Amino acid sequence: MLRRQFLHRGTVGAFGTLMGGPLLLADMHGLTSPDPFAPLAPSAEGSRITFTQPPLPYAYEALEPHIDAQTMRLHYDKHHAKYVEEANKELALAGTNADTPEALFASISKMSQKLRNNAGGAWNHDFFWRSMRPATNAQDMPADLREALTAAFGSVQTFREKFAEEALARFGSGWVWLVAVDGNLEFGSTANQDNPLMDDSPLRGTPLLGLDVWEHAYYLRYQNKRADYISNWWSVVDHDAIVHRLSKAK
Ligand code: MN
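What this report covers is the structure whose coordinates are included nearby. (Residues numbered from 1 in each chain as written. Predicted model: local features only at pLDDT ≥ 70, side-chain atom pairs only at ≥ 80, totals over all residues. Heavy atoms only, no water.)

## What about the overall build of the protein chain?
Phase 1: The secondary structure content of the protein chain amounts to 8 helices and 6 strands.
Phase 2: Walking the protein chain from its N terminus toward its C terminus, one meets helices and strands in the order β-β-β-α-α-α-α-α-β-β-β-α-α-α.
Phase 3: Residues counted as buried form 52% of the 250 residues belonging to the protein chain.
Phase 4: By sequence separation, contacts in the protein chain at least 24 residues apart represent 73% of the contacts at least 6 residues apart.
Phase 5: Of the roughly 11200 Å² of accessible surface on the protein chain, 53% is carried by carbon and sulfur atoms. (Helix = DSSP H or I, 4+ residues; strand = E, 2+ residues; numbered from the N terminus. Buried < 20%, exposed > 50% of the residue type's maximum accessible area, 1.4 Å probe, protein only. Contact = heavy atoms within 4.5 Å. Areas by Shrake-Rupley, 256 points an atom, 1.4 Å probe, with all protein chains shown as cover.)

## As for helix 8 (residues 239-248)
Phase 1: Burial of helix 8 is extensive: 9 of the 10 residues sit out of reach of the surface.
Phase 2: Within the span of helix 8, buried status applies to His239, Asp240, Ala241, Ile242, Val243, His244, Arg245, Leu246 and Ser247.
Phase 3: Looking at the buried positions of helix 8, the neighbouring elements they touch are helix 3 (113-129), helix 4 (143-153), helix 5 (156-169), strand 4 (174-181), strand 5 (184-191) and strand 6 (206-212).
Phase 4: Capping the start of helix 8 is the job of one residue whose side-chain oxygen sits 3.1 Å from the backbone nitrogen of Asp240: Asp238. (Polar contact = N/O pair within 3.5 Å; in protein donor to acceptor, adjacent residues only side chain to side chain.)

## Observations concerning the environment of Lys248
Phase 1: Locating Lys248 in the fold gives a position in helix 8.
Phase 2: We classify Lys248 as partly exposed; its relative accessible area is 48%.
Phase 3: Once the C-alpha coordinates of Lys248 and Thr206 are considered, the two residues, 42 residues apart in sequence, prove to be 9.3 Å apart.

## Focus on the packing of aromatic side chains
Phase 1: Under the defined criterion, the tally for this structure stands at 18 aromatic pairs.
Phase 2: Ring centres of Phe127 and Trp177 lie 5.9 Å apart, and the angle between their planes is 45°; this geometry places the pair in the tilted category. Here Phe127 is found in helix 3, whereas its partner Trp177 is found in strand 4, with 50 residues between them in sequence. By the burial criterion, Phe127 is buried, and Trp177 matches it.
Phase 3: Here the aromatic rings of Phe128 and Trp175 are separated by 5.5 Å at their centres, their planes lie at 90°, and the arrangement is edge-to-face. (Phe/Tyr/Trp six-rings, centres within 6.5 Å; stacked < 30°, edge-to-face > 60°.)

## Considering the pairing of strand 4
The two faces of a sheet get side chains in turn, since along a regular strand they alternate between them.
Phase 1: Extensive coverage of strand 4 is indicated by the burial of 8 of its 8 residues.
Phase 2: The alternating pattern of strand 4 places Gly174, Val176, Leu178 and Ala180 and Trp175, Trp177, Val179 and Val181 on opposite faces, both of which are buried.
Phase 3: Summarising the sheet, strand 4 and strand 5 pair through 8 bridges and their orientation is antiparallel. Each bridged residue has a counterpart across the sheet, and for Val179 the counterpart in strand 5 is Glu186.
Phase 4: Where strand 4 hands over to strand 5, the hairpin turn is made up of 2 residues, of which Asp182 adopts a positive phi near 50°.
Phase 5: Where strand 4 and strand 6 come together, 6 bridges link them in antiparallel fashion. (Pairing = 2+ DSSP bridges.)

## Quick word on the environment of Trp129
Phase 1: Mapping Trp129 onto the fold places it in helix 3.
Phase 2: The class of Trp129 is buried, set by a relative accessible area of 1%.
Phase 3: Sequence spacing of Trp129 and Gly210 is 81 residues, and the spatial spacing of their C-alpha atoms is 9.5 Å.
Phase 4: In contact with Trp129, not counting residues within four places along its chain, are Leu56, Pro57, Tyr58, Met72, His75, Tyr76 and His80.

## Topic: the packing of helix 1 (residues 69-94) against helix 3
Phase 1: Between helix 1 and helix 3, whose axes approach to 8 Å, the crossing angle comes to 140°. As judged from the angle between their axes, helix 1 and helix 3 are oblique. For the crossing formed where helix 1 meets helix 3, the hand is left-handed. Residue-level inspection shows Met72, His75, Tyr76, His80, Lys82, Tyr83, Val84, Glu86, Ala87, Glu90, Leu91 and Ala94 of helix 1 in contact with helix 3, the latter providing Lys114, Leu115, Asn117, Asn118, Ala119, Gly121, Ala122, His125, Asp126, Phe128 and Trp129. (Axes fitted to C-alpha atoms, helices over the stretch in contact; angles between N-to-C directions. Parallel < 35°, antiparallel > 145°, perpendicular 65-115°, else oblique. Left-handed = near helix turned anticlockwise from the far one by under 90°.)

## Examining the side chain of Ser201
Phase 1: As for its position among the elements, Ser201 is in the loop between strand 5 and strand 6.
Phase 2: We classify Ser201 as buried; its relative accessible area is 7%.
Phase 3: At a separation of 2.6 Å, a polar atom in the side chain of Ser201 contacts the main-chain carbonyl oxygen of Leu203.
Phase 4: Other than its neighbours up to four places away in sequence, Ser201 contacts Thr190, Asn195 and Pro196.

In structure tokens, the structure reads:
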């Protein structure tokens, strides 16, 4: 498939306004980590990394009614935990010298399919949890992010519509991403547990936001209505996380 079918690019006039110092959002989220939005931190073990499963940054029911507690329990306790467990088994066999998830994904095309799937699943889900905030703590989109999306895609509404189209067009299982690349914002989707950090992904860049469109992410509440899941998901998106990631994007 052509790259163009995956990518939607816009130049971001307002990108520069988001390049200020790091935001101090840890207190807002009740977290003590200095960087609550950092991707999964690996723990070093010899020349390898191992994946960990950090605690959910909110309660299972915190995303209700948009994402139900039962889905969150299964998704975090079973699906995500299994990806972490399997990724570490495969890493032990792989003998990679990669010491960060980014380095691992930068050479993932040389690794086994099993490692690719499970390392992607481990990283993507941690990123997903940290892309959302409790429904009771919903926020309006910050003005600078609104400006950046408007500059890139015409309007926030247009961006959301196109993002949803991409999510609906992803046949089977996968993810939809907003990424920063070379000073631009782009969005697109990846299959299975692939992500934009993978060296052979058709969509590449620094992930700013990711949406899980596997059926396990929404089927209990939404059944076949993926469009309703996507539309409601925006109510729990953590815009501050996007701004923070964008401020650190190269
Ligand atoms: Mn999932």
